[in-house]
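# A closer look at the structure
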Amino acid sequence: MAAGDIFDKEEGGFYRYSTQQDWSLPHYEKLLDDNSRLLKIYLVAYSLTKIEKFKEVSLKIMDFILNNFLDKKGFFYASQDADEEYARLSLNQRKKTKAPFIDKTLFMDFNCYAIDSFITASRILNDENYKKIATKALEFLIKNLKNKKGVMHFYDNKAHDPYLLKNHLLLINSLIEVDKLKIAEGLLNKTIDNFSDKEGILLDIKKSKNDFGYLKTSRIDPEENSLAIKILLKLYQKTRNKKYLKLAENLIKVIKDYVDPESIFSASFTEVIFKN
């Protein structure tokens, strides 16, 4: 992938997707979501193999994110528009050209992926500055997108609904990664109270009177429940509180029948089982 045109070799970062199997002819939009998750993959690959190319790609991704997506308040922007003409310019030519439009909306899930990846970078590359960047972003999320009802989805100078399970879980995971365990435990308890059905399975949406379309219907997402299991086990390992272990064991028991073994989304559940 990094050798193909889907990777921006001038400014760093991956474009959204390729139209060809050889990673050529990309769609030139860049998302925080994609780049954050790919960043963690390349960092872990470098950690396991010590292949310098993986480290180089990781650093280039972070360069792009920090130069283009990091707000002075600490949070990360959502995306940069596709611009094929700009993408084909050299770095020196780009400096003389107006850059593509950047969507400065803060999305909770995108920011949590970035926080997780920068914490990973701090650990693997032994650079405390990356953790400081992640912690500042996390503190902004806690202050501006978390309230008594739960965790909100996005922020454009003010925070907005809906209250989604995924956002709660990702924020809890970020809190655990920086050892803000009391806040993580409080938010986890609220999440379980607000999203659990009678069996203890977590539903993907907390319903609101302002919901419309698909938001009116809650569903069971095995991938998100797998993330919940992973978080519960992390908290058990950190606190040794058997409550979290029991909740994880019960969730494994009740969610397994909803996991399609032929689906790519079953990978999250499989990873949790084999790692624990």
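Preceding block: the structure.
What you are looking at is a predicted structure, and each value in this text was computed from that prediction instead of being measured.

Okay, helix H9 (residues 222–239) next. The terminal C-alpha atoms of H9 lie 25 Å apart, and with 18 residues this matches the ideal 26 Å at 1.5 Å per residue to within 8%. Within the span of H9, buried status applies to Glu-224, Asn-225, Ser-226, Leu-227, Ala-228, Ile-229, Ile-231, Leu-232, Leu-233, Lys-234, Leu-235 and Tyr-236. On its buried side, H9 packs onto helix H7 (165–177), helix H8 (181–195), helix H10 (242–255) and helix H11 (266–275). The opening residue of H9, the one whose side-chain oxygen lies 2.8 Å from the backbone nitrogen of Glu-223, is Asp-221. Count one or two residues on from H9 and you reach Arg-240, which has phi positive near 60 degrees.

What follows deals with the environment of Asp-204. Following the sequence through the fold, Asp-204 ends up in the loop between H8 and strand S10 (205–206). Assessed through its relative accessible area of 10%, Asp-204 is described here as buried. The spatial distance from the C-alpha of Asp-204 to the C-alpha of Ile-220 is 6.2 Å, given a sequence separation of 16 residues. Those residues in contact with Asp-204, other than ones at most four positions away along the chain, are Leu-164, Leu-165, Phe-195, Thr-217, Ser-218, Arg-219 and Glu-224. A polar side-chain atom of Asp-204 sits 2.8 Å from the main-chain amide nitrogen of Arg-219.

Our focus in this paragraph is the sheet that holds strand S4 (residues 79–80). The three strands lie next to each other as S3-S4-S5, forming an open sheet whose pairing is antiparallel. A single partner strand is all that each edge strand has here, and the edge strands are strand S3 (30–31) and strand S5 (102–103). Where S4 and S5 come together, two bridges link them in antiparallel fashion. Its bridge partner lying in S5, Gln-80 is registered against Ile-102.

What counts, and at which threshold
- Residues numbered from 1 in each chain as written.
- Predicted model: local features only at pLDDT ≥ 70, side-chain atom pairs only at ≥ 80, totals over all residues.
- Heavy atoms only, no water.
- Helix = DSSP H or I, 4+ residues; strand = E, 2+ residues; numbered from the N terminus.
- Expected span 1.5 Å × (residues − 1).
- Buried < 20%, exposed > 50% of the residue type's maximum accessible area, 1.4 Å probe, protein only.
- Contact = heavy atoms within 4.5 Å.
- Polar contact = N/O pair within 3.5 Å; in protein donor to acceptor, adjacent residues only side chain to side chain.
- Pairing = 2+ DSSP bridges.

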